[in-house]
Every structure is written in C-alpha cells, then in structure tokens.
Amino acid sequence: MTFDSVRGRSTPGRPSPTPPIVSGTPSVVQSLRVHSGRNVPFSVEFNPPRDAAGEARLWRAVREFERMHPAFVSMTYGAGGSTKDRTVRVTGELAQETTLLPVAHLTAVGHSVAELRSLVGAYADSGIRNILVLRGDPPGDPLGEWHKHPEGVEYAEELVRIVRDLGDFHVGVASFPQGHHRSPDLDSDTAFLAAKLRAGAEYSITQMFFEVEHYLRLRDRVAALDPIEGAKPIIPELMPITSLRTVARAEELCGRPLPDAVLARLRKAAGDGQEEDRAAVREVGIEIATEMAQRLIDEGAPCLHFITLNFAKATSEVLTNLGYGVTAAPMSA
C-alpha cells in the first residue's frame, strides 16, 4: 500500500482504546498484548549507522535481537534530520527484511510541515505504520535554545495530529520521568504529556532514568490528571552502563547527571588505577540495570525498552538475569 492510498483516512475524535490493525501491521500496543505472557515484553532502540562498518554492526545486533522476539524495535532520528536518508532506508529494511516490528522516530527540528508529511509518506511506502513523534533537540547542543522552523511546528502535540491526519498510523510520544528540561515544572510537563496523548498518541516511551521512583511518580501524575490517558502504556527506557565512558553518553541521553549512588557504585568498581577496571564496571552496570528492570516489572511496567547503542550483548545479559531464557549475544557491549 502506498502513502497516497492511506492519505486522509484518519478517524475523527479520540482514538479507540484498541486501534485496529492497519494493513496487517500491528500497533505497538497490540504487540505488547501479544507478547505478554510469563515475562513482561521488552523492546530495543537502535541508532542509524554512520558508515558501512556501523551498518554491519547494526545488522548483527538486529539478527541477535530478532531471535529474542522483542515486542518492537525503534530507530532513532538524528538531530535536525542529520541522518534522515539513512534512517528512512534502514528502518524500511527492518520492516521489509526482518520479522521485527519497527517504530520510526520523527522529529520536528529543522523541518517544514511539508517535509514532515513527505517523511511520513516515505515511511508509509516502506510499510511502516508505527511512528514515535518527538519535538527533538537542537543539533549540536541538546540543551541549547530551540527554534521552530518558519514553516514547521512548535510542539510535539501538533506533530502527533499531523501524522494522525495523514492516515492510519499508530503514534507514540516521549515522556520525561524527571520532567523535560524546558518545562517550567512537573505539573506543566505532565499536562504536556496528557495533551500529546489526547491528540492521538497511543503510548509513551520515557527518557532514560536511573531511579525507578521517578518513573512511578510520572505514572501517578498522569493517572491523577487524566485517568483515561493515564491508562495508556508508559514504557520505561533503560540503558546498561558498560564503562565509565558510557556514563557521559547516559547523562546526555538522560538530560541530567546520574544519581550519586549509581556513580559511586560504578567508580568503586572502576578502581583507583590509571585505567578503569572495565570488566568490573560492566558487571556493576549490568547489575544496576537488572535491579531497575526487576523493580519495574514488580511495579507493573508494561514493557522494558532498552537503549542498545547497536550492540546486543548487554541487553541480552540483563534479560537472562531476569529469567527470559535468552542466550547472551557474542558481540561486545
């Protein structure tokens, strides 16, 4: 089915609690239900590769995860569309060449509405019906001042409506356990999330965090503000720390410093030598991710979403620790 054949077939009003399957492609919410069983579903996030070597590494991880049967996989989108063409191509290949359910990221940064509509069309022509909508961060400086494209949109809520109006697409959005750094306070941030959900988003994936209480309080805030929207899945995002070098990356993705208790455990494992004891740091990082994941499972999280950095081994080890019965991947991570 081409993009033109689905254009303009959006349903007026609020989305139904159980969206219909579109062209045989399930939604993320439907996939979570299908994968629910003895274990809580899990999903993984990939990044678009920068070169041929990176693409080979990505596909090794893809094939490892494919046999683990995640509920879905997502592909990020470079700031300002810096990896647009590669992102669209690789996400389309995931849809066409694997058994995985891909979710395409779409950000508003640096794009006009016409360009955004064209991108959605390119995804549709590749068989992709699940899109994660993000306003996005400024290229080069995620904490810098955000500028709307002169012919673009200001808020992710607007982008949700654009995608929904273009056809039968399933839309997710981002949520922020500690609040987005641009939000004036947690109440305002919760209201922004509820507005995105009311606009037609079916679920949200959180920004990465390292204190489970932040996730639980987010869930409580949304449910208190709007019980209908609060019933939609809020999927927690995790990343196993495998070296002190990845701490900086984790803090960039969190938008905040890691908790002191987490840093203390990692630094103790690193030792006092000139070179960190990377094996020990990695072991502690896997322990921390496992502890958080188990707490989230116990608290009823609908899914565990892992940032992989295009490696499979660390996530596989966490899942094994949780009793998922998978075999650890052979690649380093």
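The chain appears in an unreviewed UniProt entry as Methylenetetrahydrofolate reductase from Nocardia xishanensis. Among the UniProt annotations of the chain, the heading Pathway (unreviewed entry) holds the following wording: "One-carbon metabolism; tetrahydrofolate interconversion."

Engineer: Provide a residue-level description of the overall build of the chain, including the pertinent values.
Structural biologist: From N to C terminus, the chain includes 12 helices and nine strands. Within the chain, the fraction of its 333 residues that count as buried is 56%. Expressed as a percentage of contacts within the chain between residues at least 6 apart in sequence, the contacts between residues at least 24 apart total 77%. Carbon together with sulfur atoms contributes 51% to the accessible area of the chain, which is approximately 14500 Å² in total.

Engineer: Describe the packing of aromatic side chains, and please don't skip the residues or the numbers.
Structural biologist: Summed over the entire model, instances satisfying the criterion amount to four aromatic pairs. Consider the rings of Phe42 and Tyr324, whose centres lie 6.2 Å apart with planes at 85°: the pair is edge-to-face. Of this pair, Phe42 sits in strand β1 (residues 42–46) while Tyr324 sits in the segment after α12 (313–321), and the two are 282 residues apart along the sequence. Summarising the aromatic geometry, the rings of Phe46 and Phe65 are spaced 6.0 Å apart at their centres and angled 55° between planes, so their arrangement reads as tilted. Here Phe46 is found in strand β1, whereas its partner Phe65 is found in helix α2 (residues 52–66), with 19 residues between them in sequence. Residue classification places Phe46 among the buried residues on the basis of a relative accessible area of 0%. Overall, Phe65 belongs to the buried group, its relative accessible area being 0%.

Engineer: Residue-level account of the pattern of salt bridges, with values.
Structural biologist: Counted under the stated rule, the structure contains 15 salt bridges. A salt bridge links Arg67 to Glu64; the nearest nitrogen and oxygen atoms lie 2.7 Å apart. With a relative accessible area of 14%, Glu64 lands in the buried category. With a closest N to O distance of 2.9 Å, Glu291 and Arg265 form a salt bridge. Here Arg265 lies in helix α10 (residues 260–270) and Glu291 lies in helix α11 (residues 278–298), a separation of 26 residues in the sequence. Take Glu291: its relative accessible area is 44%, and that puts it in the partly exposed class.

Engineer: Tell me about the pairing of strand β5 (residues 170–175), and name the residues and values.
Structural biologist: Burial within β5 is extensive, with six of its six residues counted as buried. By the alternation rule, side chains of β5 split into His170, Gly172 and Ala174 and Val171, Val173 and Ser175, which are all buried. Note that strand β4 (residues 130–134) and β5 share four bridges and pair parallel. The residue of β5 that forms the bridge with Val133 is Val173. With four bridges joining them, β5 and strand β6 (residues 203–206) adopt parallel strand pairing.

Cut-offs used in this document
Every chain's residues receive numbers from 1 upward, in the order its sequence appears when written. Side-chain atom pairs in this predicted model are given and counted only at pLDDT of 80 or more, local residue features only at pLDDT of at least 70, and totals for whole chains, interfaces and linings cover all residues. Side-chain numbers come from the whole structure's heavy atoms, not from hydrogens or water. UniProt positions are given in the numbering used here, feature names are shortened, and annotations may be inferred rather than shown by experiment. Think of it this way: any DSSP run of H or I at least four residues long counts as a helix, any run of E at least two long counts as a strand, and we number them from the N terminus. Only protein chains enter the accessibility calculation, which uses a 1.4 Å probe; a residue whose area is less than 20% of its type maximum is buried, one above 50% is exposed, and one in between is partly exposed. By definition, residues are in contact when any of their heavy atoms lie within 4.5 Å. Throughout, the Shrake-Rupley method with a 1.4 Å probe supplies accessible areas, and for residues the shown protein chains are the sole cover considered. Ring pairs shown here join Phe, Tyr and Trp side chains whose ring centres sit within 6.5 Å, with only the six-membered ring taken for Trp; geometry is labelled stacked below 30 degrees between planes, edge-to-face above 60, and tilted in between. Only one rule defines a salt bridge in this text: a Lys or Arg side-chain nitrogen within 4 Å of an Asp or Glu carboxyl oxygen. A pair of strands is labelled paired if DSSP reports no fewer than 2 bridges between them.

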